[in-house]
Amino acid sequence: MIEVVPPVRIGVDIGGTFTDLQIFDARSGAIFGFKTPTTPEDPSLGLMTGIKEAAGRHGFALPDVGYLLHGTTIATNAILERKLPKAALVTTAGFEDVLEIGRHVRREVYALNPQQSPTLIPRDCRIGIAERVRANGSVEVPLTSAALDCLAETLDRLNPACVAVCLMNSYLNPEHEQRIAEYLAKTRPALKVSCSSALSAEIREYERTSTTVLNALLIPVIAGYLEKLARRMRAEGFGPRLLLVQSNGGVCAARTAALEPVRLLLSGPSGGSAACALLSEVLGEDNLIGVDMGGTSFDVSVVRNGRINVVMQGEVDRMPVRIPMVEIRAIGAGGGSLAKVQQDKRLTVGPESAGSRPGPACYGRGGVGPTVTDANVALGRLNGEKFLGGGMRLDREAARAAIDTGVAKPLGLSVEAAGEGLLAVVNANLGAAIRLSLFEKGVDPREFTMIAFGGAAGLHAVAVADETGIRRVVFPQNASTLSAYGILHSDLIHDLVRSRVLDAKPESLGAIQPLLEDLVADAQARLNADSIPASDGHIELAADMHYKGQAFELTVPMRSLRLDEAALSALIADFHDLHRERFSYSNPGSAVEIVSLRASAIGRLAKPAAKPPDARDSGQPPGKRKVWLAGRWRDVPVWSRDELSVGATIEGPAVIEEAYTSVLLSDGWSCLRDKSGHLVAGRHE
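Residues numbered from 1 in each chain as written. Predicted model: local features only at pLDDT ≥ 70, side-chain atom pairs only at ≥ 80, totals over all residues. Heavy atoms only, no water.

Asks: Hey, could you go over the sheet that holds strand β32 (residues 654-657) for me, with residue numbers and the actual values?
Replies: Backbone hydrogen bonds hold the strands of a sheet together, and the pairing may be parallel or antiparallel. Reading across from one edge, β29-β30-β32-β33 is the order of the four strands in this open sheet, with mixed pairing throughout. Either end of the sheet is taken by a strand with one partner, and the two such strands are β29 (623-629) and β33 (662-665). Across this sheet, the average inter-strand angle for adjacent strands is 30°, counted without regard to direction. In this sheet, β32 lies alongside strand β30 (residues 632-640) in parallel orientation, the contact comprising three bridges. Looking at β32, one finds that S640 is bridged to E657. (Pairing = 2+ DSSP bridges. Helix = DSSP H or I, 4+ residues; strand = E, 2+ residues; numbered from the N terminus. Axes fitted to C-alpha atoms, helices over the stretch in contact; angles between N-to-C directions.)

Right under this line is the structure:
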């Protein structure tokens with residue numbers, strides 16, 4: 001029997017300031033965006049409010065929704081804000097301090113008091129248990145029933161809400177971790193338990209421990225949120241298939257997210273990276289720099305040769321996370337970023353944000369500090385009468401008053417000069433983040449096209465392009481909700497790994513092939529559990545490899561699901577090529593090792609088909625507005641993006657408005673609306 005899926009699909013990105021939605025209705029083929037304020041005290045409330053408001057505006061009912069693809073910053077915020085439950089760490093006796101010792105690498109090489117990485121579980125909650133597995137996977141010290149009973153007594157005394165279990169060499173032999181998990185599930189069922197061998201079965205005990213601890217701490221947080229969301233959805237009679245966005249750009253079932261919430265740490269921003277990869281194909285541009293500027297942060301992602309880069313290890317607040325993550329550089333710079341004048345008369349902007357409550361002063365919700373949005377409103381760059389499609393009015397006088405009090409008077413400037421200086425500082429910060437993202441890869445920003453999205457990016461993109469030497473900027477359709485657009489096009493993805501340090505030689509094939517077969521079988525089981533038809537399932541393999549003696553690896557895609565001598569030779573050649581691309585050299589004569597084998601189980605979901613924009617007559621600009629540019633007030637044409645016809649060209653200076661964002665073109669720039677509906681801007685030679 002063929003399952004009939006309701007026709008509407010929703011992608012949602014819950015940010016720190018706004019909740020963004022992209023809705024696809026298969027009945028009409030229409031894709032439309034919607035934006036509503038985030039409700040930090042309960043994000044599910046803002047989510048359901050936005051969905052119901054969008055349903056009323058765009059003519060669908062809640063039972064019409066078949067899929068809800070949900071991106072969220074809840075996991076990241078819980079870590080950054082330390083809103084975490086009490087936890088315990090169970091590890092091999094003698095290794096209780098691995099989490100605190102970390103690695104010898106120091107960020108501040110010359111600092112007299114270097115900043116230490118956070119340790120989220122204190123020493124008295126780190127429990128050593130009598131057991132030991134050798135580096136070859138054999139058991140040196142068996143795990144006894146007495147040791148398990150002693151562990152239970154210690155946990156009873158500590159009374160944690162969750163437990164991370166990370167034993168030495170458990171990536172090779174998980175038996176002891178599995179026994180601990182089974183014992184605690186039987187005797188202490190209320191405890192949330194996370195085992196490293198089930199989550200991140202990889203070599204390197206510090207990174208594996210850190211990842212497992214973060215996961216354990218997040219289980220009560222995410223499980224609690226999902227339960228609250230499920231109750232709210234039931235109360236509204238809303239029953240779509242719920243999928244959560246992961247850091248790798250794919251989605252997973254809610255049950256997976258509840259068990260492995262550490263995979264959600266880049267849940268929202270990864271949608272923007274996925275959208276940039278889609279635009280690379282649409283625009284015919286291989287090299288893109290995606291900049292997502294919302295209310296709280298500025299996220300930079302790079303598309304190179306048509307692909308986004310996925311790294312096998314990221315970090316959050318200086319703590320390593322050993323899971324596949326879209327490579328994103330984020331700084332605290334958004335519309336809500338607060339400006340402050342320091343004691344030495346130095347003006348700084350961010351990373352502290354006014355958020356959505358109270359928000360910028362112009363929101364009229366009690367905010368008093370000057371923000372980036374206040375500066376844009378005060379200088380006429382943002383129309384306070386049409387904010388959020390007219391759903392929210394901004395108070396320009398409150399914005400001017402905040403800038404006057406917080407910046408202008410302390411620096412002895414006019415409100416206009418202070419606002420312009422505030423924007424210059426934030427634009428310099430944005431440009432620095434872009435340069436760092438590209439320079440560390442050895443590439444020139446001038447070879448890249450910028451994709452500007454998020455609610456605030458349109459007002460800053462051209463200035464930041466001038467700052468970095470980028471000469472081409474694309475403002476995509478539904479730019480302010482583009483991350484939700486990328487989420488709307490996501491596939492189900494499960495990432496699996498097995499670590500074994502083996503020489504990349506034919507003699508190792510006897511050990512490698514069983515590992516690959518186990519990975520493929522596990523990957524297929526994950527797809528079956530998600531009810532993915534065989535025609536929509538796909539498995540990709542890769543190997544983490546390095547030259548013998550190196551302390552880092554490169555992840556090299558494998559060309560098939562089996563590895564014979566010819567395939568191994570091709571894999572080694574691909575490793576040399578990738579090493580040369582990344583580091584400008586390779587050593588074909590040096591010994592190569594395989595450190596880990598990886599599998600991605602991909603369940604393809606049907607993709608919305610974008611409709612071309614309606615043909616319209618551009619007509620004349622509907623009006624002009626005084627905008628402060630380059631030190632003076634100017635009468636600037638104001639266009640409505642919805643009224644622009646395909647091929648229409650606009651010369652700067654100009655403002656182009658749409659429902660949830662605005663674009664500012666400065667002198668020397670022009671843009672046209674292409675056949676896909678995107679605005680493509682370029683700098684005159």
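From this point, things continue past the structure.
Asks: Summarise helix α15 (residues 509-529); cite the residues concerned and give the values.
Replies: Taking 1.5 Å of rise per residue, 21 residues should cover 30 Å, and α15 covers 30 Å from first to last C-alpha, within 8% of that figure. Buried within α15 we find L509, I512, Q513, L515, L516, L519, V520, D522, A523 and L527. Summarising the contacts, the buried residues of α15 are in contact with β25 (492-503), β26 (537-547), α16 (565-583) and β28 (592-603). (Expected span 1.5 Å × (residues − 1). Buried < 20%, exposed > 50% of the residue type's maximum accessible area, 1.4 Å probe, protein only. Contact = heavy atoms within 4.5 Å.)

Asks: Explain a nonpolar patch on the surface residue by residue, including any values.
Replies: On the surface, a nonpolar cluster with roughly 280 Å² of combined accessible area is contributed by F552, F583 and Y585. Considering the arrangement of structural elements, one finds F552 in the loop between β26 and β27 (554-557). (Patch = residues over 30% accessible without salt bridge, like charges linked within 9 Å, V, L, I, M, F, W, Y side chains within 5 Å. Areas by Shrake-Rupley, 256 points an atom, 1.4 Å probe, with all protein chains shown as cover. Salt bridge = Lys/Arg side-chain N within 4 Å of Asp/Glu carboxyl O.)

Asks: Lay out empty space enclosed by the protein with the relevant residues and their values.
Replies: With the rule as written, the count across this model stands at seven cavities of 30 Å³ or more. In this structure, the largest cavity occupies an estimated 60 Å³ of space. Of all the secondary-structure elements, those providing two or more residues to the lining of the largest cavity are β5 (87-92), α3 (98-101) and α7 (205-235). Ranked by residues supplied to the lining of the largest cavity, first place goes to α7 with three residues. Residues that form the lining of the largest cavity fall into these classes: seven nonpolar, two polar and four charged. (1 Å grid on protein atoms, 1.4 Å probe; cavity = no way out; pocket = protein on both sides within 12 Å on 5 of 7 lines; lining within 4 Å. Points joined across faces, edges and corners; volume = space filled by probe spheres on them. Nonpolar A, V, L, I, M, F, W, Y, C, P; charged D, E, K, R; others polar.)

Asks: Can you explain unusual backbone geometry? Please cite residues and give values.
Replies: With an omega of 0°, the peptide bond running from G350 to P351 counts as cis. Its location among the elements puts P351 in strand β22 (residues 347-353). Along the chain, G652 connects to P653 via a cis peptide bond; the corresponding omega equals 5°. Counting through the fold element by element, P653 comes out in the loop between β31 (649-651) and β32. With a phi angle near 70°, S584 is a residue other than glycine that sits in the positive phi range. With a relative accessible area of 67%, S584 lands in the exposed category.

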